[in-house]
Amino acid sequence: MPKSPRGLSRRLTRYGDDRFARFLREAFLQSAGLSPASFDRPVVGIASTGSDFNPCHATAPALVEAIRRGVTMAGGLPFTFPTISIHESFAHPSSLLLRNLLAMDTEEMLRALPLDAVVLVGGCDKTLPAQIMGAVSADVPALVAPVGPMMAGWDQGERLGACTDCRRLWAGHRAGEIDAARLARAQGHLMPTHGTCMVMGTASTMACLAETLGFVLPGGSSIPAVHSERLRFGEDTGRRAVAMATQAAPTARSLVTAASLANAVRVLQTLGGSTNALIHLAAIAGRAGVTLDLDEVDRVGRATPVLADLKPIGAGFMEDFHHGGGLPALMRRLSASLDLTVSAASGQTLGEVLEGWPGWTDARVIRPLSEPVAPGEALAILRGSLAPDGAVLKRAAASGALLQHEAPALVFEGLDDMMARIDDPALPVTPDHVLVLRGAGPIGAGMPEAGSIPIPAKLARAGVKDMVRISDARMSGTAYGTVILHVAPEAAAGGPLALVQDGDRIRLDTDGRRLDLLVADEELTRRRAGFRPASVPTRGYARLHAEHVLQADRGCDFDFLVSD
Ligand code: FES
């Protein structure tokens, strides 16, 4: 049986003459200054999401250079190639809308280029999940090199971090508690270095989950972006990628199994991680033919304490987490409930990783099981007549007094309506009201991070800090409050959220995991007869997205990209 082509002989351009295709490929490489002596080495692709529009990835060029050094040291041939890059604050209307485009870009380049293994360089929220989705579908040996988190900032003797404190300070400004001068000064100190947001937001969560799934070399998810250790990690990653290229294993798809996914769910709960991770894990799992069971996520949450004392649930930052022992130290706390036989791209099992990890752990930031930050239920899954296919609440970041709540609804028809009315002094709202935002789901608006609806200005100025808020949108992993997200099916798909009217009573029963619209069935049937779906975009990627995106419980992937 002929050996399958390797290195530069892989995926030759179809001219009808493979020897000519290889000859031409070599000629072009010589034009770029590469000598033929390196042409038979294993080829490692380095997918870079560096972009001037992505400040979180400003250190990507240096990290890529370190990975290249590692590849070359180990006898491989590195090729850096770009894919699109997505930054949370530089993506209109929503970064999630573009996640699947990055996943497709990554997958198609991995299918087209002559590489034996790939290192995925990313970090800002949507990038790592998209890159992993693409790598799993292309099923090549893949490692992830996160760019790493920022260092924490300081202002007026207070330690600050993005974006939990961005939101807190902004809310304080809206409430009239923080003046414009203080806000402007703090703005310059919220993000003092390059890197990803340094709280346990979506970027940190996804880096940790990528490590849990085995894509990141041990401890690599938390090294600060600007530390020299990050570059040494890059070299190690490059060296390991050459070994994977030579062995053609493990492939990305082989790392995503029911067991590794179960480990990731437990780690997510113990991190008190981002609600966005549920969407991304469901999508990554779907690419590997595995299903993320939201009810199992809830069951795991009830039995898993939050041990990472990091904002927004706790007090610390990723640099504390890193110096405190990092993810392997956290996983060691949970080792009795993790599957230690799963393998990682490092070539070790999880059990071997944890056994070899330094024993010291800072119990102030990675708490022992006996002293959790919160006793459990970081992320709770709700179901009920308002969310038949589920919704999520970051319970550990919500106000205890609002977890059992019944009150009338105040409905906003999309973001424009909300922005137009939320601060209107005549808005008929009380602190008791349940604020409802609809038309902000995957089809309706690309599911922006608008679910943490601002407290109406007149209530904020009166000292109201939290209200029950419900939407088919997402929220930043750095945010907090009694915010119910990802209501599925969304309003634009005809979910019950579309039928809510001002004044309808809504009951949140967090203990019972219920979210119900207290309106009679006959009345809902009458309202449903009048429901008209919103129009969707008529061209381009936006049309593809609106026509094929799945609901939040299925990870918002495209229906034609999910594995059988
Ligand atoms: Fe890039 Fe937070 S905006 S990680």
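Structure shown above.
Presented here is an overview of the structure given in this document. (Residues numbered from 1 in each chain as written. Predicted model: local features only at pLDDT ≥ 70, side-chain atom pairs only at ≥ 80, totals over all residues. Heavy atoms only, no water.)

Focus on the overall build of the protein
So, step 1. When helices and strands are tallied, the protein shows 20 helices and 14 strands.
So, step 2. Radius of gyration (C-alpha) of the protein: 24 Å, near the 24 Å computed for a compact globule of 564 residues.
So, step 3. Here the C-alpha coordinates of the protein stretch approximately 75 × 55 × 45 Å along the principal axes.
So, step 4. For the protein, buried positions account for 59% of its 564 residues. (Helix = DSSP H or I, 4+ residues; strand = E, 2+ residues; numbered from the N terminus. Rg over C-alpha atoms; globule rule 2.2 N^0.38 Å. Buried < 20%, exposed > 50% of the residue type's maximum accessible area, 1.4 Å probe, protein only.)

Description of helix α10 (residues 258–271)
So, step 1. Given a rise of 1.5 Å per residue, 14 residues ought to cover 20 Å, and the 20 Å separating the end C-alpha atoms of α10 matches this to within 8%.
So, step 2. Counted residue by residue, α10 has 11 buried out of 14 residues, so it is predominantly covered.
So, step 3. Directly beyond the C-terminal end of α10, a positive phi value near 65 degrees is found at G272. (Expected span 1.5 Å × (residues − 1).)

Focus: a nonpolar patch on the surface
So, step 1. On the surface, Y15, F20 and F23 cluster together into a nonpolar patch covering about 340 Å² of accessible area.
So, step 2. Counting through the fold element by element, F20 comes out in helix α1 (residues 18–31). (Patch = residues over 30% accessible without salt bridge, like charges linked within 9 Å, V, L, I, M, F, W, Y side chains within 5 Å. Areas by Shrake-Rupley, 256 points an atom, 1.4 Å probe, with all protein chains shown as cover. Salt bridge = Lys/Arg side-chain N within 4 Å of Asp/Glu carboxyl O.)

What to know about helix α4 (residues 127–138)
So, step 1. The end-to-end C-alpha distance of α4 is 16 Å, a good match for the 16 Å that 12 residues give at a rise of 1.5 Å each.
So, step 2. Buried within α4 we find T127, L128, P129, A130, Q131, I132, M133, G134, A135, V136, S137 and A138.
So, step 3. Just beyond α4, the residue with positive phi is D139, at close to 55 degrees.

Quick look at unusual backbone geometry
So, step 1. Cis rather than trans, the peptide bond between H92 and P93 has omega equal to -5 degrees.
So, step 2. Position of P93 relative to the elements: it lies in the loop between β2 (77–82) and α3 (95–112).
So, step 3. The omega torsion of the bond from A488 to P489 falls at -5 degrees, within 30 degrees of zero and hence cis.
So, step 4. Relative to the helices and strands, P489 resides in the loop between β12 (483–485) and β13 (505–509).
So, step 5. Within the chain, M447 stands out as a residue other than glycine whose phi angle is a positive 55 degrees.
So, step 6. Looking at the secondary structure, you find M447 in the loop between α17 (442–445) and α18 (457–460).
So, step 7. For M447, a relative accessible area of 0% corresponds to the buried category.
So, step 8. One non-glycine residue, R513, adopts positive backbone phi at about 60 degrees.
So, step 9. Classification of R513 as buried rests on a relative accessible area of 7%.

Quick word on the sheet that holds strand β4 (residues 142–146)
So, step 1. The strand order β2-β1-β3-β4 describes an open sheet built from four strands, whose pairing is parallel. With partners counted over all chains shown, the strands left at the sheet margins are β2 and β4, one partner each. Averaged over all neighbouring strand pairs, the angle between strand axes comes to 20 degrees, with direction disregarded. (Pairing = 2+ DSSP bridges. Axes fitted to C-alpha atoms, helices over the stretch in contact; angles between N-to-C directions.)

Some details on the side chain of H57
So, step 1. Along the polypeptide, H57 turns up in the loop between β1 (43–48) and α2 (60–73).
So, step 2. Residue classification places H57 among the buried residues on the basis of a relative accessible area of 1%.
So, step 3. In contact with H57, other than residues within four places in its own chain, are T49, G50, S85, G122, G123, C124, T127 and V147. (Contact = heavy atoms within 4.5 Å.)

Let's talk about the packing of helix α7 (residues 202–213) against helix α14 (residues 326–333)
So, step 1. As a packed pair, α7 and α14 sit with axes 10 Å apart at the nearest point and diverge in direction by 65 degrees. Judged by the inter-axis angle, α7 sits roughly perpendicular to α14. For the element pair α7 and α14, the recorded crossing hand is right-handed. Contacts from C208, E211 and T212 in α7 reach L327, P328 and M331 in α14.
So, step 2. The residue inventory of the contact of α7 with α14, partitioned by class, reads four nonpolar, one polar and one charged. (Parallel < 35°, antiparallel > 145°, perpendicular 65-115°, else oblique. Left-handed = near helix turned anticlockwise from the far one by under 90°. Nonpolar A, V, L, I, M, F, W, Y, C, P; charged D, E, K, R; others polar.)

With respect to the pairing of β2
Within a regular strand, the side chains alternate between the two sheet faces.
So, step 1. In terms of strand pairing, β1 meets β2 through six bridges, oriented parallel. Within β2, the residue paired with S48 across the bridge is P82.

Some remarks on the packing of aromatic side chains
So, step 1. Here the structure, examined in full by the defined rule, presents five aromatic pairs.
So, step 2. Arranged with centres 5.7 Å apart and planes meeting at 65 degrees, the rings of Y15 and F20 form a pair that is edge-to-face.
So, step 3. Residue classification places F20 among the partly exposed residues on the basis of a relative accessible area of 35%.
So, step 4. Of the aromatic side chains, those joined through ring pairs into one cluster are Y15, F20 and F23. (Phe/Tyr/Trp six-rings, centres within 6.5 Å; stacked < 30°, edge-to-face > 60°.)

Digging into the environment of P428
So, step 1. With respect to the helices and strands, the residue P428 is situated in the loop between α16 (415–421) and β10 (434–438).
So, step 2. Taking the C-alpha atoms as reference, P428 lies 8.2 Å from L410; in sequence the two are 18 residues apart.
So, step 3. Beyond its immediate sequence surroundings of up to four residues, P428 is in contact with L410 and H433.

Considerations on the environment of M133
So, step 1. With respect to the secondary-structure elements, M133 resides in helix α4.
So, step 2. The buried category is assigned to M133, whose relative accessible area is 0%.
So, step 3. Sequence spacing of M133 and M104 is 29 residues, and the spatial spacing of their C-alpha atoms is 8.5 Å.
So, step 4. The residues contacting M133, other than those within four sequence positions of it, are R99, N100, A103, A283, I284, R287 and D557.

Quick notes on the pattern of salt bridges
So, step 1. The final tally for this structure, using the stated rule, is 42 salt bridges.
So, step 2. In this structure, D40 engages R22 in a salt bridge whose closest nitrogen and oxygen atoms are separated by 3.2 Å. A residue pair is termed long-range when its members are at least 10 positions apart, and D40 in the loop between α1 and β1 and R22 in helix α1 qualify at 18 residues.
So, step 3. Relative accessible area serves as the criterion here: at 70%, D40 is assigned to the exposed category.

With respect to the nonpolar core
So, step 1. V118, V121, F215, L271, L281 and F321 are the most contacted members of the largest nonpolar core, which has 101 residues in total.
So, step 2. Those residues in contact with V118, other than ones at most four positions away along the chain, are G45, A47, F81, L110, V140, P141, A142 and L143.
So, step 3. Counting 28 residues, the second largest nonpolar core, distinct from the first, contains A407, V434, V436 and V519. (Core = buried A, V, L, I, M, F, W, Y, C linked by side-chain atoms within 4.5 Å.)

Details of the side chain of T59
So, step 1. You can see T59 is positioned in the loop between β1 and α2.
So, step 2. If near-sequence neighbours (up to four positions away) are discounted, T59 is found in contact with V147, H194 and A225.

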